[in-house]
Amino acid sequence: YDYDFMEEIKLGEGADGYPDLVNKLKHRFDYLPLHRACYFQSYHTLRDNIDSIRQIAKANPAACSKVDFLGMTPLHILALSQ
């Protein structure tokens with residue numbers, strides 16, 4: 001059975017092999033502070049999250065509609081994080 005992990009997943013379309021995929025996932029939010037805040041929201045209080053999201057959105061209103069390399073907006077990240 002010849003199984004190619006990268007061929008079987010949609011993530012493979014955004015990366016040139018497994019090492020590249022891992023690297024992209026590690027650095028996925030490097031230039032997306034709103035995505036990062038939404039992803040790590042479970043580590044902070046609700047008040048801190050609201051303040052952080054407001055600050056980021058006020059400083060960069062376009063951050064709300066930016067997508068990461070997987071095509072996800074901050075709202076997608078928030079909906080999927082725990």
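Residues numbered from 1 in each chain as written. Predicted model: local features only at pLDDT ≥ 70, side-chain atom pairs only at ≥ 80, totals over all residues. Heavy atoms only, no water.

Caption draft 1: Molecular detail of the overall build of the chain. Looking only at helices and strands, one finds five helices and zero strands in the chain. N-terminal to C-terminal, the α/β element order of the chain is α-α-α-α-α. In the chain, which comprises 82 residues, the proportion classed as buried is 27%. Of the roughly 6,200 Å² of accessible surface on the chain, a fraction of 56% belongs to carbon and sulfur atoms. (Helix = DSSP H or I, 4+ residues; strand = E, 2+ residues; numbered from the N terminus. Buried < 20%, exposed > 50% of the residue type's maximum accessible area, 1.4 Å probe, protein only. Areas by Shrake-Rupley, 256 points an atom, 1.4 Å probe, with all protein chains shown as cover.)

Caption draft 2: Looking closely at the packing of aromatic side chains. Scanning all chains against the criterion turns up three aromatic pairs. When the centroid spacing of 5.3 Å and the interplanar angle of 45 degrees are considered together, the rings of Phe29 and Tyr39 count as tilted. Of the two residues, Phe29 is situated in the loop between helix H2 (18-26) and helix H3 (33-39) and Tyr39 in helix H3; the sequence distance between them amounts to 10 residues. The class for Tyr39 is partly exposed, based on a relative accessible area of 40%. Connected via pairs of aromatic rings, a cluster forms that spans Phe29, Tyr39, Phe40 and Tyr43. (Phe/Tyr/Trp six-rings, centres within 6.5 Å; stacked < 30°, edge-to-face > 60°.)

Caption draft 3: The arrangement of the side chain of Asp68 in detail. Note that Asp68 resides in the loop between helix H4 (46-59) and helix H5 (74-80). Given the relative accessible area of 5%, Asp68 is considered buried.

Caption draft 4: Inspection of the nonpolar core at higher detail. Membership of the largest hydrophobic core is limited to eight residues, which are Phe29, Leu34, Ala37, Cys38, Ile56, Ala63, Met72 and Ile77. For this core, the leading source of residues is H3, giving three residues. Those residues in contact with Met72 that sit more than four places away from it in its chain are Arg28, His35, Lys66, Val67, Ile77 and Leu80. (Core = buried A, V, L, I, M, F, W, Y, C linked by side-chain atoms within 4.5 Å. Contact = heavy atoms within 4.5 Å.)

Caption draft 5: Summary view of empty space enclosed by the protein. Tallying each qualifying case throughout the model produces one cavity of 30 Å³ or more. Together, Tyr31, Leu32, Pro33, Leu34, His35, Asn60, Ala63 and Lys66 line the largest cavity. Of the residues that constitute the lining of the largest cavity, the class distribution is five nonpolar, two polar and one charged. (1 Å grid on protein atoms, 1.4 Å probe; cavity = no way out; pocket = protein on both sides within 12 Å on 5 of 7 lines; lining within 4 Å. Points joined across faces, edges and corners; volume = space filled by probe spheres on them. Nonpolar A, V, L, I, M, F, W, Y, C, P; charged D, E, K, R; others polar.)

Caption draft 6: Fine view of H4. Taking 1.5 Å per residue as the helical rise, H4 with its 14 residues ought to reach 20 Å, and the 20 Å between its terminal C-alpha atoms agrees with that figure. Regarding H4, the residues found buried are Asn49, Ile56 and Ala57. Down the axis of H4, the sector holding all buried residues measures 95 degrees, keeping them to one side. Seen from the open side of H4, the exposed residues pointing more than 90 degrees away from its buried face are Arg54, Gln55, Lys58 and Ala59. Those residues of H4 that are buried are in contact with H3. (Expected span 1.5 Å × (residues − 1). Arc of directions from axis to C-beta.)

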